[in-house]
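Now for the letters of each chain:
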Amino acid sequence: NAGVTQTPKFQVLKTGQSMTLQCAQDMNHNSMYWYRQDPGMGLRLIYYSASEGTTDKGEVPNGYNVSRLNKREFSLRLESAAPSQTSVYFCASSGSYNEQFFGPGTRLTVL
Amino acid sequence: RKEVEQDPGPFNVPEGATVAFNCTYSNSASQSFFWYRQDCRKEPKLLMSVYSSGNEDGRFTAQLNRASQYISLLIRDSKLSDSATYLCVVNGAGGSYIPTFGRGTSLIVHP
């Protein structure tokens, strides 16, 4: 039982490059989330998916797209990376009681 | 007013001390409440759910005060290993079910 897994763990991009962050959970949770965490800013919600087939914007969605591929997987895509997107990205999932479980994070640097 | 507010600290306490953190929330209709612990450069991990009747887990006690719209976390007999950032999470703080994180309170326990 791996919980929530994320790939990659680290990534360096040049401005304008694209990439997809992958997230998967094996807890049969309906809801999944993508956050970014910057120093002094706390965790900010980018997108979330309340159930398979639905996605909604969070607090800071600009510059990102998501796909809820199936119940297990929720990916985050940066189409044209910008230095402002340098951050730590966390994926999370939650079940019936709204308790969230997080993946280990992806540390992204955009040069 | 921010939806979920925490004193960022740091709270600097000696081993064995008792320390308490509060977290205030703005939406009186908020429905579920949690405390998470985050170690440096790691993902947040669920510490405790906060129930209306309060709950205790070993040295940790969480309480909810709906009238004054805050939750609290009490740590007794602090250990060096308790040093971390403590995040409060409120579901429904922004008027929807999605979770809102406070920015965290830093705790440093010294010998």
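Rules and cut-offs
- Residues numbered from 1 in each chain as written.
- Chains lettered and ligands numbered in written order.
- Predicted model: local features only at pLDDT ≥ 70, side-chain atom pairs only at ≥ 80, totals over all residues.
- Heavy atoms only, no water.
- Helix = DSSP H or I, 4+ residues; strand = E, 2+ residues; numbered from the N terminus.
- Rg over C-alpha atoms; globule rule 2.2 N^0.38 Å.
- Areas by Shrake-Rupley, 256 points an atom, 1.4 Å probe, with all protein chains shown as cover.
- Lys, Arg positive; Asp, Glu negative; His and termini not counted.
- Charge placed at Lys NZ, Arg CZ, Asp CG, Glu CD.
- Contact = heavy atoms within 4.5 Å.
- Polar contact = N/O pair within 3.5 Å; in protein donor to acceptor, adjacent residues only side chain to side chain.
- Nonpolar A, V, L, I, M, F, W, Y, C, P; charged D, E, K, R; others polar.
- Salt bridge = Lys/Arg side-chain N within 4 Å of Asp/Glu carboxyl O.
- Buried < 20%, exposed > 50% of the residue type's maximum accessible area, 1.4 Å probe, protein only.
- Phe/Tyr/Trp six-rings, centres within 6.5 Å; stacked < 30°, edge-to-face > 60°.
- Pairing = 2+ DSSP bridges.
- Axes fitted to C-alpha atoms, helices over the stretch in contact; angles between N-to-C directions.

K.L.:
Explain the overall build of chain B to me, please; I cannot follow it from the model alone.
P.N.:
Secondary structure summary: chain B contains zero helices and eleven strands in total. Starting at the N terminus, the α and β elements of chain B follow one another as β-β-β-β-β-β-β-β-β-β-β. Over its C-alpha atoms chain B spans a radius of gyration of 13 Å, differing by no more than 12% from the 13 Å that the globule rule assigns to 111 residues. Dimensions of chain B, computed from C-alpha atoms along their principal axes, come out at roughly 45 × 30 × 20 Å. Accessible surface for chain B amounts to roughly 5,400 Å². Of this, 48% is attributable to carbon and sulfur atoms. Computed over 11 positive and 10 negative side-chain charges, the inter-centroid distance for chain B is 4 Å.

K.L.:
Just checking my understanding: could you explain the interface of chain B and chain A for this structure?
P.N.:
The figure often quoted for interface size is the accessible area lost as the parts come together. On the chain A side, the residues contacting the 17 residues of chain B number 20 residues. Here chain B and chain A share four residue pairs in polar contact (both at pLDDT 80 or more) between them. Counting residues per element, the side of chain B that touches chain A draws most heavily on strand 4 (residues 32–38) of chain B, at four residues. Grouping the constituent residues of the side of chain B that touches chain A by class yields nine nonpolar, four polar and four charged.

K.L.:
What is the right way to read the pattern of salt bridges from this model?
P.N.:
It is possible for side chains bearing opposite charge to pair when their charged atoms get close. Residues and elements named next belong to chain A. One pass over the full model with this rule turns up seven salt bridges over all chains. Taking the shortest distance from any N to any O, the salt bridge between Arg 77 and Glu 79 comes out at 3.1 Å. The exposure class assigned to Glu 79 is partly exposed, which follows from its relative accessible area of 43%. In this structure, a network of salt bridges that share partners links the residues Arg 36, Asp 38 and Arg 44.

K.L.:
Can you walk me through the packing of aromatic side chains in this structure?
P.N.:
By convention here, two paired aromatic rings are described through the distance between centres and the angle between planes. All names here are of chain B. Tallied over the full model, the rule gives twelve aromatic pairs over all chains. Consider the rings of Phe 11 and Phe 21, whose centres lie 5.2 Å apart with planes at 75°: the pair is edge-to-face. Of this pair, Phe 11 sits in strand 2 (residues 11–14) while Phe 21 sits in strand 3 (residues 19–25), and the two are ten residues apart along the sequence.

K.L.:
Explain the pairing of strand 7 (residues 64–68) of chain A to me, please; I cannot follow it from the model alone.
P.N.:
Side-chain direction in a regular strand flips from residue to residue, so the side chains alternate between the two faces of the sheet. Residues and elements named next belong to chain A. Every second residue of strand 7 is oriented toward a common face, the buried set being Tyr 64, Val 66 and Arg 68 and the non-buried set Asn 65 and Ser 67. Looking at chain direction, strand 7 and strand 8 (residues 74–78) are connected through five bridges and run antiparallel. Bridge assignment links Ser 67 to a residue of strand 8, and that residue is Ser 75. If you look at the hairpin formed by strand 7 and strand 8, you'll find five residues sitting between the two strands.

K.L.:
Would you mind showing me how to read the sheet that holds strand 1 (residues 4–7) of chain A here?
P.N.:
Working definition: the strands of a sheet are paired by backbone hydrogen bonds and lie parallel or antiparallel to each other. All names here are of chain A. Read across the sheet, four strands follow the order 1-3-8-7 without closing on themselves; strand pairing throughout is antiparallel. Each edge of the sheet is formed by a strand with only one pairing partner; in this case those strands are strand 1 and strand 7. On average, each strand axis in the sheet is tilted by 15° relative to the strand beside it, whichever way the strands run.

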